[in-house]
Amino acid sequence: MNRDKILGYLRGENDEELFARSAEVRSESFGEEVYFRGLVELSNVCACNCLYCGIRKSNHLAERYTLDLQTVKNTVAAAYEDGYRAVVLQCGELRSDRFTQYITDMVRMIKELSRDEIVITLSCGEQSEEVYRTWREAGADKYLLRIESSDPVLFAKIHPAEIDYTERKNRLYTLSSLGFMTGTGVMIGLPHQTVETLADDLIFISDSRFGMCGMGPYIEHKETPLFAQKSNFSTDERVTLTLRMIAILRIMRPDMNIASSTALGSLRPAARISALKIGANVIMPNITPTECRKNYDLYEGKISDLDLSKVGKK
Ligand code: 5AD
């Protein structure tokens, strides 16, 4: 799909055609199936200061926690019993030998517990090639690292100086070369973002090197610097744009694993289901122990539950 066509769809010039076509492609690729991945939020301790994120290092109001091996083992064992065969391990970003070992231990434990049956996706931020290799060799299968915005200028506006756009991009390519199925994605409705930048995001994400995508609306968090800046889009517009983004990406990449995000469900629960109808094929129910969920507070009003009655448990 060329950029003009993408832009037309993003502006809502032909929603009917877009959603009909994307639903058709979705069903050709995945039938009525939805893939479940249990999301474990391992820790909200973070060394980064991303300007949009509620668990940024400088938010001293965030109550920090880190799950121990036994807790995660119990959590994943219960999910396995429930039928889960895929988990996502997500956490704040730390770079230390101790952290590398912590994740390595988690990966080995889960593979052992499930006799290799559980597919593991890591979402543990930017690391060196050596660390990524260690985790890959321990058994991790996939890696999620959002580019957040493919526009270097916008990327710089929402990240502190030490987080570099080109390095982020190179890490994504390193991950695929190590054999991870690699996923990326962006936030939709960031201050300064326009439909033009979103069109370029889709062109970036649809690259054949990526096998997965997670993208959702940006939601302000009042303990972050970005809170003071205004988005060009209302929350309703962000929901609509997210659905259009998912639908366009589905047409561009019929085979890609595309998630219907928690952020989308947080703004409008029903939209998380609509996203599955018009293009997304992955949902990541939160399986983090309940008492820790409230602390993994990325943005205002983040939901920590998925009402399965709305989705069907298949
Ligand atoms: N609004 C929406 N999504 C956010 N994330 C972090 N902060 C916010 C926010 N304020 C997303 C980022 C990150 C993912 C784990 O959560 O895209 O990659």
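It should be emphasised that the depicted structure is a prediction, and the values quoted were computed from it without experimental measurement. (Residues numbered from 1 in each chain as written. Predicted model: local features only at pLDDT ≥ 70, side-chain atom pairs only at ≥ 80, totals over all residues. Heavy atoms only, no water.)

Participant: Which residues make up the overall build of the chain, and what are the values?
Facilitator: The helix and strand inventory of the chain stands at 12 helices and 10 strands. Radius of gyration (C-alpha) of the chain: 18 Å, near the 20 Å computed for a compact globule of 314 residues. Projected onto the principal axes, the alpha-carbon positions of the chain cover approximately 50 × 45 × 35 Å. The buried share of the chain, taken over its 314 residues, is 57%. Taking the intrachain contacts of the chain between residues at least 6 apart in sequence as the baseline, contacts between residues at least 24 apart amount to 75%. Carbon and sulfur atoms make up 49% of the accessible area of the chain, which amounts to about 13,500 Å² in all. For the chain, the centre of its 40 positive side-chain charges and the centre of its 44 negative side-chain charges are spaced 1 Å apart. (Helix = DSSP H or I, 4+ residues; strand = E, 2+ residues; numbered from the N terminus. Rg over C-alpha atoms; globule rule 2.2 N^0.38 Å. Buried < 20%, exposed > 50% of the residue type's maximum accessible area, 1.4 Å probe, protein only. Contact = heavy atoms within 4.5 Å. Areas by Shrake-Rupley, 256 points an atom, 1.4 Å probe, with all protein chains shown as cover. Lys, Arg positive; Asp, Glu negative; His and termini not counted. Charge placed at Lys NZ, Arg CZ, Asp CG, Glu CD.)

Participant: Go over the packing of helix 4 (residues 97-113) against helix 5 (residues 129-138) with me, naming the residues and quoting the values.
Facilitator: In helix packing, the relevant descriptors are the interaxial angle and the interaxial distance, both defined with respect to the helix axes. It is the contact of helix 4 with helix 5, at a shortest axis distance of 9 Å, that shows an interaxial angle of 20 degrees. Considering their axes alone, helix 4 and helix 5 lie roughly parallel with respect to each other. When the axes of helix 4 and helix 5 are compared, the crossing they make is right-handed. From helix 4, Phe99, Thr100, Ile103, Thr104, Val107 and Arg108 reach across to helix 5, where they touch Val131, Thr134, Trp135 and Ala138. Across the contact of helix 4 with helix 5, the residue classes break down as six nonpolar, three polar and one charged. (Axes fitted to C-alpha atoms, helices over the stretch in contact; angles between N-to-C directions. Parallel < 35°, antiparallel > 145°, perpendicular 65-115°, else oblique. Left-handed = near helix turned anticlockwise from the far one by under 90°. Nonpolar A, V, L, I, M, F, W, Y, C, P; charged D, E, K, R; others polar.)

Participant: An account of the pairing of strand 6 (residues 181-184) is requested, with residue identities and associated values reported.
Facilitator: Looking at chain direction, strand 5 (residues 142-144) and strand 6 are connected through three bridges and run parallel. Pairing of Tyr143 across the sheet is with Thr182, part of strand 6. Bridge count for strand 6 against strand 8 (residues 212-217) is two bridges, and the pairing is parallel. Opposite Thr184, over in strand 8, you have Cys213 as the bridge partner. (Pairing = 2+ DSSP bridges.)

Participant: Lay out the environment of Ile147 in plain terms, naming residues and giving numbers.
Facilitator: Examined against the element boundaries, Ile147 turns out to sit in the loop between strand 5 and helix 6 (152-158). Ile147 has contacts with Phe155, Tyr165, Arg168, Lys169, Leu172, Thr184, Gly185, Val186 and Phe204, leaving out every residue within four places of it along the chain.

Participant: Before we move on, can you summarise the side chain of Arg26 with the specific residues and values?
Facilitator: Here Arg26 is to be found in helix 2 (residues 15-30). At 6.0 Å, Glu32 is the nearest oppositely charged side chain to Arg26, a buried residue that forms no salt bridge. The residues contacting Arg26, other than those within four sequence positions of it, are Gly31, Glu32, Glu33, Val34, Arg250, Leu276, Lys277, Gly279, Ala280 and Asn281. (Salt bridge = Lys/Arg side-chain N within 4 Å of Asp/Glu carboxyl O.)

Participant: Please give an account of the side chain of Asn59 that cites residues and values.
Facilitator: Of note, Asn59 is situated in the loop between strand 2 (38-43) and helix 3 (69-82). For Asn59, a relative accessible area of 6% puts it in the buried group. A distance of 2.8 Å separates a polar atom in the side chain of Asn59 from the backbone oxygen of Gly54. Excluding anything up to four places from it in sequence, Asn59 contacts Gly54, Arg64, His221 and Glu223. (Polar contact = N/O pair within 3.5 Å; in protein donor to acceptor, adjacent residues only side chain to side chain.)

Participant: With reference to specific residues and values, describe the packing of aromatic side chains.
Facilitator: Here a ring pair, both rings aromatic, is described through the centre-centre distance and the interplanar angle of the planes. Counted according to the given criterion, the structure contains nine aromatic pairs. Ring centres of Phe30 and Tyr35 lie 5.7 Å apart, and the angle between their planes is 85 degrees; this geometry places the pair in the edge-to-face category. Residue class for Phe30 comes out buried when judged on its relative accessible area of 10%. For Tyr35, a relative accessible area of 28% corresponds to the partly exposed category. With centroids separated by 5.0 Å and ring planes inclined at 75 degrees, the aromatic side chains of Tyr132 and Tyr143 adopt a geometry described as edge-to-face. (Phe/Tyr/Trp six-rings, centres within 6.5 Å; stacked < 30°, edge-to-face > 60°.)

Participant: Quick rundown of the site of the ligand? Include the residues and the values.
Facilitator: By nearness alone, every residue bordering the ligand is listed as Tyr52, Cys53, Gln90, Arg146, Glu148, Met187, Pro217, Tyr218, Ile219, Leu298 and Tyr299. In this structure, Arg146 approaches the ligand through a side-chain N or O atom, which is 2.8 Å from an oxygen atom. A distance of 2.8 Å is found between a nitrogen atom of the ligand and a backbone nitrogen or oxygen belonging to Ile219. For the ligand, whose unbound accessible area comes to 410 Å², protein coverage reaches 87%. (Near = heavy atom within 4 Å.)

Participant: I'd like to hear about the pattern of salt bridges, residue by residue, with values.
Facilitator: This model, assessed by the stated rule, comprises 18 salt bridges. We note a salt bridge from Asp15 to Arg244, for which the minimum N-O separation is 2.8 Å. One end of the pair, Asp15, is in helix 2; the other, Arg244, is in helix 9 (residues 235-252), with 229 residues separating them in the sequence. By relative accessible area, which is 12% here, Arg244 ends up buried.

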